[in-house]
Amino acid sequence: MVNIERSTIEFLKDLSLNNDRLWFDGNRSRYAKARSNYEAFVQAVLDEIVTFDPIYKGLEAKSCIFRINRDTRFSHDKSVYKTNFGAFMVRGGKKNGDKYPGYYLHIEPGSSFVAGGAYIPPSPWLKAIREEISESGEKLTAIINSREYRKYFSGLEGEKLKVPPRGFLKDDPHIELIKMKSFLAEKSFSDKEVLAADFFDTVTNAFRAMKPLNDFLIVQNN
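Q: So what exactly am I meant to see when it comes to the sheet that holds strand β4 (residues 183-189) here?
A: Paired through their backbone hydrogen bonds, the strands of a sheet run either parallel or antiparallel. With respect to topology, four strands assemble into an open sheet ordered β1-β2-β3-β4, the strand pairing being antiparallel. Pairing within the sheet leaves two strands with one partner each, and these edge strands are β1 (85-89) and β4. Taking the axes of each pair of neighbouring strands and ignoring which way they run, one obtains an average angle of 10° across the sheet. The sheet strands contacting helix α3 (residues 28-49) are β1 and β2 (102-107), and the helix crosses β1 at an angle near 25°.

Following this line, the structure appears as structure tokens:
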């Protein structure tokens, strides 16, 4: 079984303290090792996801992992590199994150987490989700209140409108869910948990518990 190695966490810690090209160039071998470890972990996670979500068969980790270089063109933060490894496992790879729900794995010293669902879906998809909630919100409520889901997640995360969106009644029994702009399941982990021998099982079991949420959110393709 593949584990996240301590050297991967240590590299990211050091990068956060030395976020410049000169240091990075001098530590490319450490980066390559850390990246390789993370990629192997993501691929192992993908291979397990296929056992309960077959649509992911054939998807490769390299299609899901984000570049470590930051785009600083429109940011006040001019740090050259991200201080995390992130991968969005979604059908077709990370480029399809605005089309489908998926599974996200974020490794960052002191701030690691898994997440999934739909993050700020585009207007047509968002409208379809809201309509689905209005018509059968009890299904979504049952999903996020299920024992398996609650074992890992406390509900749904995401920004919410202050008033009902246009076209939806304020007395809709599911209006608080309809007002959401993202529909996310999230669980954070300490470095100790990330480095534990059972972290792979924890991640894949959390994603397994998340699958019914992702299934509910694939309404734009119905």
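Q: Any chance you could explain the packing of aromatic side chains here in plain terms?
A: We describe a pair of aromatic rings using the distance from one ring centre to the other and the angle between the two ring planes. This model, assessed by the stated rule, comprises 17 aromatic pairs. Pairing Tyr38 with Phe85 gives two aromatic rings, centres 5.2 Å apart and planes at 20°, and the pair type is stacked. Placement of Tyr38 in helix α3 and of Phe85 in strand β1 is noted, with a sequence separation of 47 residues between them. By the burial criterion, Tyr38 is buried, and Phe85 matches it. Judged by centre distance (6.5 Å) and plane angle (55°), the rings of Phe66 and Tyr104 are tilted. Here Phe66, found in the loop between α3 and β1, pairs with Tyr104, found in strand β2; they are 38 residues apart in sequence, far enough to count as distant. Classification of Phe66 as partly exposed rests on a relative accessible area of 31%. Taken together, the aromatic side chains of Phe11, Trp23, Phe24, Tyr31, Tyr38, Tyr81 and Phe85 make up a single cluster linked through ring pairs. One residue, Arg91, lies across the ring of Tyr100, its end atom 4.7 Å from the ring centre.

Q: I'm lost on helix α1 (residues 6-17) in this one. Help?
A: Think of an α-helix as turning once every 3.6 residues; residues three or four places apart then point the same way. In this model, α1 (12 residues) spans 17 Å end to end at C-alpha, consistent with the 16 Å of a helix rising 1.5 Å per residue. In this fold, the buried residues of α1 make contact with α2 (21-26), α3, β1, β2 and α7 (191-194).

Here is what the cut-offs are and how they apply
- Residues numbered from 1 in each chain as written.
- Predicted model: local features only at pLDDT ≥ 70, side-chain atom pairs only at ≥ 80, totals over all residues.
- Heavy atoms only, no water.
- Pairing = 2+ DSSP bridges.
- Helix = DSSP H or I, 4+ residues; strand = E, 2+ residues; numbered from the N terminus.
- Axes fitted to C-alpha atoms, helices over the stretch in contact; angles between N-to-C directions.
- Contact = heavy atoms within 4.5 Å.
- Phe/Tyr/Trp six-rings, centres within 6.5 Å; stacked < 30°, edge-to-face > 60°.
- Buried < 20%, exposed > 50% of the residue type's maximum accessible area, 1.4 Å probe, protein only.
- Lys NZ or Arg CZ within 6 Å of the ring centre and 35° of its normal.
- Expected span 1.5 Å × (residues − 1).

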